[in-house]
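Observations on chain architecture
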Amino acid sequence: MRGPSGRIARFGRRVHPGRNPLARTGDRVEALLLLLAIAGAFLAIPFAAAFGSETYAAQTARAAQERATRHPATAVSLAAAAGQPYSTDGAGAPAAQATVPAAWFDARAARHTGEVLADPGTPAGTRVPIWLDQHGELAGEPLSTSTSAADGVFAALLLWTAITGALAGMYGIARFALTRLHAAAWDRAWSEARHDSRF
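The notes below deal with the structure included here.

Rules and cut-offs
- Residues numbered from 1 in each chain as written.
- Predicted model: local features only at pLDDT ≥ 70, side-chain atom pairs only at ≥ 80, totals over all residues.
- Heavy atoms only, no water.
- Helix = DSSP H or I, 4+ residues; strand = E, 2+ residues; numbered from the N terminus.
- Buried < 20%, exposed > 50% of the residue type's maximum accessible area, 1.4 Å probe, protein only.
- Contact = heavy atoms within 4.5 Å.
- Areas by Shrake-Rupley, 256 points an atom, 1.4 Å probe, with all protein chains shown as cover.
- Core = buried A, V, L, I, M, F, W, Y, C linked by side-chain atoms within 4.5 Å.
- Pairing = 2+ DSSP bridges.
- Polar contact = N/O pair within 3.5 Å; in protein donor to acceptor, adjacent residues only side chain to side chain.
- Salt bridge = Lys/Arg side-chain N within 4 Å of Asp/Glu carboxyl O.

What follows concerns the overall build of the protein chain. Secondary structure summary: the protein chain contains three helices and five strands in total. Along the protein chain, helices and strands appear, N-terminal first, in the series α-α-β-β-β-β-β-α. Among the 199 residues that make up the protein chain, the fraction classed as buried is 25%. Put simply, 61% of the contacts in the protein chain that link residues at least 6 apart link residues at least 24 apart. Working note: accessible area of the protein chain is about 13,700 Å², and carbon and sulfur atoms make up 64% of it.

Here it is as structure tokens:
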């Protein structure tokens, strides 16, 4: 039998050899290990979901803290940004931003300077949006709600993938060992059969 139904049938026989007289002890051990691996993958789902939920909660709290301590501002570039506005690979995509010196004022009207990212080819005096912390220093943009949710989903998937990958690896190692044992048993059986045929 070929096609998906044939693969499903073979998988069913591997998982449940039943009373098949041709099934060896190693086949039944392999079936048990496969069932344990599948069960472990299903049991890992709630643990992965809980881990993802905790990650989401932690990232949400971090996002709230960042929104409370950071605010948007505008810097003015002090030099022209190097490079061309578009990449030279022929795709016509915007080129990566360049680092330029810039100046800005914090909430207390104190002047600060530093390196900011600007579009390639922009002249000196270009206004560049930035984020500042409570001290008026450059800071990253606060985490968004969507980013926190994506981090939680990614963490859950990563943990579940790691667990199922480990289970699959252990099953693969066990199956390899059983296959070697089966091959050795066949070799011994053929050797004995050839020995008996001489008499």
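Note that soluble globular proteins tend to have their nonpolar side chains buried in a common cluster. Core analysis: the biggest nonpolar cluster contains 12 residues, these being Ala73, Ala75, Ala81, Ala98, Val100, Ala102, Trp104, Val116, Ala118, Val128, Ile130 and Leu132. Among the secondary structure elements, those contributing two or more residues to this core are strand E1 (71–77), strand E2 (98–105), strand E3 (111–118) and strand E4 (127–132). The element that contributes the greatest number of residues to this core is E2, accounting for four residues. Non-local contacts of Ala98, meaning those with residues more than four positions away in its chain, are made with Ala81, Ala82, Val116, Leu117 and Ala118.

What follows is about unusual backbone geometry. Its identity is not glycine, yet Ala109 carries a phi of approximately 70 degrees, on the positive side. Topologically, Ala109 is positioned in the loop between E2 and E3. Of the residues examined, Ala109 reaches a relative accessible area of 56% and is grouped as exposed.

Within the fold, Gln59 resides in helix H2 (residues 25–69). Setting aside residues no more than four positions away along its own chain, Gln59 makes contact with Leu143, Ser148 and Asp151.

Alignment of E1 against E4, held across six bridges, turns out to be antiparallel. Looking at the pairing, Ala75 lines up with Val128 of E4. In this sheet, E2 lies alongside E1 in antiparallel orientation, the contact comprising two bridges. When the bridges of E2 are listed, Ser77 appears paired with Ala102.

A separate point is the side chain of Thr122. Take Thr122: it is sitting in the loop between E3 and E4. Thr122 gets classed as buried once you look at its relative accessible area, which sits at 16%. Side-chain polar atoms of Thr122 contact the backbone oxygen of Asp119, separated by 2.8 Å. Ignoring any residue separated from it by four or fewer positions in sequence, one finds Thr122 in contact with Ala80 and Ala81.

To continue, consider the pairing of E3. Strand direction decides the pairing type here: E2 and E3, joined by eight bridges, are antiparallel. Within E3, the residue paired with Ala103 across the bridge is Thr113. Hairpin connection between E2 and E3: a loop of five residues separates the two successive antiparallel strands, and Ala109 in this loop has a positive phi of roughly 70 degrees.

Next up on the list: the pattern of salt bridges. Pairs may arise between side chains of opposite charge once their charged atoms sit close together. Following the criterion strictly, the structure yields three salt bridges and no others. The closest approach of N and O atoms between Glu66 and Arg70, which form a salt bridge, is 3.7 Å. By relative accessible area, Glu66 is classed as buried at 5%. Here Arg108 makes a salt bridge to Asp106, at a shortest N to O gap of 3.7 Å. Judged by its relative accessible area of 10%, Asp106 falls in the buried class. A cluster of three or more residues bridged by salt bridges with shared partners is formed by Arg62, Glu66 and Arg70.

Before going further, it helps to examine the sheet that holds E3. Spatially, the five strands line up as an open sheet ordered E3-E2-E1-E4-E5, and their pairing is antiparallel. Two strands close off the open sheet at either side, each with one partner strand: E3 and strand E5 (138–139).

Purely geometric stuff here, so don't read any function into it on its own.
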